Structure formats: structure tokens, C-alpha cells
Amino acid sequence: MNSILFALGALTMVIEFAIPRLIAPAYGYTMLGWTAIISVVLVAMTVGYLWGGKLTEQGKKTRMRIILFGCISSGWTILIALFGSSAMNSLSFLGLLIGPLVASLLFAALPTFLNAAAVPMVISTYQQGAGMASGKGFSISTIGSIVGVISTGYILLPLFGIEGALLVGSGLYFCSLFLYGERRLGLVGLGIVLALGWFVSTKPLPQNVLVDHSNGYHRIRIVELENHEGAAERVLYLDQWVHSVTEVGKVTTMIDALELITSSIKPPKTILVIGGGGFVMPRFLKQQFPYVEIDVVEIDPDIEKFARKYLELGNEAAVHIKDGRQYIMSTTKTYDLIFNDAYRAFD
């Protein structure tokens, strides 16, 4: 029983942390998104605890219900991993206020409700007094939630992306069934998760999509398009925002003000750019001032990796993977020009 409480607590947090990344391309990775998912999870858990307690009072088929609730919750999570992105495409017409709430209800309400409903049922099986049993049950579930939060934020999303994180959360529940004595069901469920994990990891990206990767900072997508002149352009999306456009084989800038600045000053010796993104700015600056020394501070290491592979970033600048504020406070180097290109379009 303890293993199931632990696994369901972890699964709830995997869902809560993965869903904001899933809805980010449509609505952004914003405070509104986090407010929506946290609210939905808390309401679903509250109703689930009450309903699970009511079923527990009936005292019938407790073991079967616990297993069934966990299987439905894990199965729903698997469906989110497989079809969540497609479902978001059909929900993208909703506004920034209501959209995240509707998406959170669709994706998170059912599994978190069922996970919570299982808690009082498991507690009722403990051979202890009400106080000790409830304290033990909720503490085990909370420990699972803590592990789910830490592993999702630090490991699962950065390494396996949204789909992988959700599948791992589901797989954890089926692993817990081994310790609960349901070895055959656990083996079948885990086999399905592993097969789907292989399918997701080998599934080709949609046409023209070069990168679709989620980590602890962004959901990064790079899409190759053809402009009106027939030239190939690679568009960098961070969450739902177009961050930059790189024309293949050409150094350009979309910032008129930057061209005005560089044309009206004497050549600088050192330039600092805070925020790398598509690295359009440092590439343009290097073209304008060939002998300048450029430093770029970028917090997300995957941004640099994909920029070098797909956005034609070469040796135009020295890239420092660090928070811009920390870099400025710690560096002893002085700069003739400092450009702040680290921003959020909406929060």
C-alpha cells in the first residue's frame, strides 16, 4: 500500500509540472498558466479526498478500487503524453485568461482526482488508530509528491521532455503494483509504458520542425519556413513566442533600432549581450564590427546547443551559460556597449 501512495503522490506532481509546459506553445509559460494548473489540482484533490473517504465508509472492494483508480489515472496520463500536443492545437483559439484553465481541467482534473481518492482508501487498510494511520498515509503521499517535484524539474523534463516525463510518472505507478502483489498487471502496464516510450523517442518530428524540446527554462522549437523571396528561414519559438528569425546563409537583424545605434557610434572594443536566444544580435554586431570582442550571457544551455546546430552560430561571441544578473555582479570586465535582450513577452 505504501508504494502505491508514494507513486500516486509522485504522479500528481509530474502532471502538475508537465502540463504548464504542454500548454506553453498556445498560452505561454506564464503566471496565469501556473495559477490555472495549481487551482485545478487543488480542487480535484479536495473533491477526490472527500469522494474517496465516502467510498471508504462503504467498506466494499477497497483493494480493487485502489488498483482501478491508479490504472485509470496512469492511463489518462499516457493519453496526455501521446495526444496532449494535438489536443492543444484544438484549444489554441481560447484566450489567455480562460485557455489555461480549460486545458488544465481537461488534462489534470481526472488523474489528480483519482489519485487523491485512493489516499483515504489506502489509509483505511492500515492496522492503526485513525490519527496515526492518517498521518502515515498523508506523509507517504507527500514524500512521493516531493520526489515527483524534484525529479520532474531537475531530471525528467530536461532529459525526456513532456511526453517522457508523463510516461515515467505512469510507469512508476505500475512498478508500485509489483510491491502491492499485482505483478502481472504491473508487468503489463510497465511493458505498455516502455513500448510507448520507445515509440515517442523514435517518432519523427512534424515536417519543417527541426527541434521540439522542453527543459527547465523553455519549450524550444525551431521551424524552417520559406519566405516570400524563396529563402529558407528558421524561426525560433520559446514557448508560444517567436523569439527570432534566422535566414539561412545570411546575417540579418529584425531590429531597426539596433541598426540605428550601430551606424551612429564609433566602433566599440567590447560588447555584452544579455540573452542569447537565436543569437541574431551578436552575429549582426560581429558583422558590423569585425574586430569587436562580444560576450553573450545565456541562462539556457540548450539554447546555445541548438543555435550552433541550426541557427548558424559560430565563433562570433564567447557564450557564458549563466544568469545575466549574476554575471554582471560577478564580472570584473568592462564593456563599451551592453544590450539587454533577456525579456518575457507576457507574464
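Above: the structure in question.
Computed from a prediction, not measured in an experiment: that's the story for all the values here. Counting restarts for each chain, with residues numbered from 1 along the sequence as it is written. Only residues with pLDDT of at least 70 are given local features in this predicted model, and only at 80 or more are side-chain atom pairs given and counted; all residues enter the totals for whole chains, interfaces and linings. Only hydrogens and water are removed before side-chain values are computed, so all heavy atoms of the structure are retained for them.

Asks: Please clarify how the nonpolar core should be interpreted in this entry.
Replies: As a rule of thumb, nonpolar side chains are buried together in soluble globular proteins. Counting residues in each nonpolar core, the largest one holds 55 residues, and the members touching the most others are I19, M88, F107, L166 and Y173. At the level of secondary structure, the elements contributing two or more residues to this core comprise α1 (2-27), α2 (31-58), α3 (62-91), α4 (99-124), α5 (130-179) and α6 (183-202). By the convention used here, residues are in contact when the closest approach between their heavy atoms is within 4.5 Å. With residues near it in sequence (within four places) discarded, I19 still touches I37, I80, S104 and F107. Among the nonpolar cores identified, the runner-up in size contains 24 residues, and L236, F279, V319 and F339 belong to it. For this analysis, a nonpolar core means a set of buried residues of the types Ala, Val, Leu, Ile, Met, Phe, Trp, Tyr and Cys, connected via side-chain atoms within 4.5 Å. Buried, partly exposed and exposed residues are distinguished by accessible area as a fraction of the type maximum, computed with a 1.4 Å probe on protein chains only: under 20%, between the cut-offs, and over 50%, respectively. Numbering goes from the N terminus for both helices and strands, where a helix is a DSSP run of H or I of at least four residues and a strand is a run of E of at least two.

Asks: Explain the side chain of T152 to me, please; I cannot follow it from the model alone.
Replies: Inspection of the secondary structure puts T152 in helix α5. A residue is classified by how much of its surface remains accessible, and T152, at 0% relative accessible area, is buried. The definition of a polar contact used here is a pair of N or O atoms within 3.5 Å, where within protein one atom must be able to donate a hydrogen and the other to accept one, and adjacent residues in sequence count solely through side-chain atom pairs. Only 2.6 Å separates the side chain of T152 from the backbone oxygen of G148, close enough to count as a polar contact. Every residue in contact with T152, bar those within four places of it in the chain, is listed here: V14, F17, L157 and P158.

Asks: Explain the pattern of salt bridges here, please?
Replies: Where charged atoms from two side chains of opposite charge come close, those side chains can pair. For this document, the term salt bridge refers to a Lys or Arg side-chain nitrogen within 4 Å of an Asp or Glu carboxyl oxygen. Per the stated rule, a full pass over the model turns up 10 salt bridges. Linking R219 and D212 is a salt bridge whose minimum nitrogen-to-oxygen distance equals 3.0 Å. Connected via shared salt-bridge partners are R283, E312 and E316.

Asks: Honestly, the sheet that holds strand β4 (residues 241-247) in this entry has me stumped. Any pointers?
Replies: One key point about sheets: their strands pair by backbone hydrogen bonds, in either a parallel or an antiparallel sense. Pairing is antiparallel in the open sheet, where four strands are placed in the order β1-β2-β3-β4. Each end of this open sheet is capped by a strand with a single partner; those strands are β1 (209-214) and β4. Across the sheet, the mean angle from the axis of one strand to that of its neighbour is 20 degrees, orientation sign disregarded. Should DSSP find at least two bridges between two strands, the strands are taken to pair. Pairing geometry for β1 and strand β2 (residues 219-226), over five bridges, is antiparallel. Within the sheet, the bridge partner assigned to D212 lies in β2 and is R221. A fitted line through C-alpha atoms represents every axis, and for helices the fit uses only the stretch in contact; the resulting angles, taken between N-to-C directions, go from 0 to 180 degrees. Packing of α5 onto the sheet brings it into contact with β1 and β2, and relative to β1 it is tilted by some 115 degrees.

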